[in-house]
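Tertiary structure, described
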Amino acid sequence: MNNIVNEILKEIIQNSIIAEKDSPIQTKETEEVPPIRFPSWFINENLWGKDINTQDRTLITKIGGAISGENTPIGRAKALQAFLTDAETVKENITMQQALANLMFLDIFASIVHQFNAAVAGFLFEALFAGIFKGEQIEAKEGGGEAGTIDVNLLTADGKIGYSFKLLSPGGGIGGSFTDLITGIEKHGLERYLVVIKRGVGTSSLSLEFWEFDITQENWFDWIGHEMLEQTAEGEYVVKQEYVLGLAPFQVENIPLEQEIIAPRELRDSYSAATIKRSKFNLGAQFVKRSSEESPWKIRYNGRIFDKDGKPYPKDTELVPGNNYYYKKITKERSARSAKFAKKGAGLYRELVEDTDLSREFLERKGKTFREYVDDGDYKTDTDTENGFFYWIKRLGTFQGKEKEAETAPAGETESTPASTQPELTEAKEAKVKAGQFTVDQQYMINSGKALPGSGTTLTLDRGLLKEAAEAYTSVISQQVYDIFNSLSDLIKDINLYYLSDNSTERNTAGAQAGEDATKLKKNTDEHIVAGIEKEPEEGAAIQESKQPINLDKLIEHMINKSFK
């Protein structure tokens, strides 16, 4: 994709303008048409995303203003794809400035995603869009806190919006700091994610899929600990269901022998349909009849009969008539959720899901378990500062950056122990006190139907497609581009010959020709640019009298700026 705009415009000249018999523009050697050269772009996140008063930033912003489409990331992507694939229709209503800006943007964007590794491309992606949308990139060291997970603020058709950018390969997870996300939601009300998935990496045709979604308090569990999906035989994605088990009592003198019970080997509070299917037994098969009249029954297997607290009885336990014993049965069905609801390991909410002081306090104050609170949707409007959703979430160790006291502090010590008296953390314990990380599954984002409208828009960066489109816009780009850039190309070539030649005759010829080239370049810029720009008298006079070398970046800026006049 290197220097593709130069190649495209060179091909336009060869195939279109020079082929016209009546064209007044002829080269000395038509078989060696000089390429049209754009200025060399210095791709740098500071010049586009942070140092907003630079010439580079001004020019990239002008390009952004001239790009086709609605002033949103997905709107721009959609219009640029139409620019490439529907040129015959688009060119009827596009200006030269728009066509030129579209080609230049595609060239820059392609360079970023093709020529840099994932980490660097991600930063440059943020900087490019900051310039295109008159925004500002947030320093990595200043991220977090009230900035939440935001990487860049953009000025779009929807107003000023903070975005978190993710440039990913297929299947890559979307994640970040649990603490920063919560802090950002409390401060801004929402965190918006722009996820671009790269497909076809390493090939000549790279497709970029644009996805957007918002995280708010109202849709929190749509994304952070989201439901799990499964694909049906027809290919449709549906929410996976799980069964919740409860304890049902029985007495030995009145055993319902044909009653089906559930007895998985691992004791959890919910199970998939497959687990249930493998774990069904008849209650009557769990006991051995004894001859003793005082205790006629004993348990045949481990882990299938429980006490009132759900603790399993071991094999050969004798059952006493008149006492209550319990078996497990399905009490309800609910949506299966991601591992963020696990009681151990990666579970962000484990202190509210496990049997802990925090979960017991929640049950007492809310009148239901945390999982019931989530499944019932109570969290969506629970904004009480002293008992609401964020009050509880911010008490989690995964928000505060520490685990439960029992897991991090030696016996007899508490969180209030002065730091100076606590032993130095080992590497293992150091890992435990870090704040949690949230993740959103990429396939869930794609298949859940909960991304923002327009998500899934694809922009294809393909060399052949770009060349075909550019040829279609030949008449739009017009003779002006040919005149200016080719006279500039002649000037560059003759200056190089002047300085590099050892032969005095060649040097003199090249020097004289360079003078003629400079005159032609000034004539073309005066006719095609200066004459068409409305300026204050003194500023216009300064341009006419200027003896300084032509600033090519400025010329392009003028050309693009015409679209705003």
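Quick summary incoming for the structure in this document. (Residues numbered from 1 in each chain as written. Predicted model: local features only at pLDDT ≥ 70, side-chain atom pairs only at ≥ 80, totals over all residues. Heavy atoms only, no water.)

On to the overall build of the protein, then. A count of helices and strands for the protein gives 23 helices and 18 strands. Considering only contacts within the protein whose residues lie at least 6 apart along the sequence, 67% involve residues at least 24 apart. Counting only carbon and sulfur atoms, one obtains 47% of the accessible surface of the protein, whose full area is about 28800 Å². (Helix = DSSP H or I, 4+ residues; strand = E, 2+ residues; numbered from the N terminus. Contact = heavy atoms within 4.5 Å. Areas by Shrake-Rupley, 256 points an atom, 1.4 Å probe, with all protein chains shown as cover.)

Quick look at the packing of aromatic side chains now. One pair of aromatic rings is described through two measures. These are the centre distance and the angle between the planes. If you walk through the whole model with that rule in mind, you get 37 aromatic pairs. Each ring, one from F362 and one from F370, has its centre 5.6 Å from the other, and the planes form 80 degrees; the classification is edge-to-face. Taking relative accessible area as the criterion, F362 reaches 0% and is therefore assigned buried. Here R507 stacks its cationic end above the ring of Y498, 4.5 Å away from the centre of that ring. (Phe/Tyr/Trp six-rings, centres within 6.5 Å; stacked < 30°, edge-to-face > 60°. Buried < 20%, exposed > 50% of the residue type's maximum accessible area, 1.4 Å probe, protein only. Lys NZ or Arg CZ within 6 Å of the ring centre and 35° of its normal.)

For K368, the position within the fold is in the loop between α12 (357-366) and α13 (370-375). For K368, a relative accessible area of 19% gives the class buried. Among the polar contacts listed, one links the side chain of K368 to the side chain of D376, at a separation of 2.8 Å. Once residues within four sequence positions are removed from consideration, K368 is found in contact with F362, L363, Y373, D376 and D378. (Polar contact = N/O pair within 3.5 Å; in protein donor to acceptor, adjacent residues only side chain to side chain.)

Turning next to the nonpolar core. In terms of nonpolar packing, the biggest core is built from 57 residues, with F105, F109, L128, F129 and F210 touching the most fellow members. Considering every element that reaches this core, the biggest residue donor is helix α6 (residues 96-115), with 13 residues. Non-local contacts of F129, meaning those with residues more than four positions away in its chain, are made with P73, F105, F109, L154, F165 and F210. (Core = buried A, V, L, I, M, F, W, Y, C linked by side-chain atoms within 4.5 Å.)

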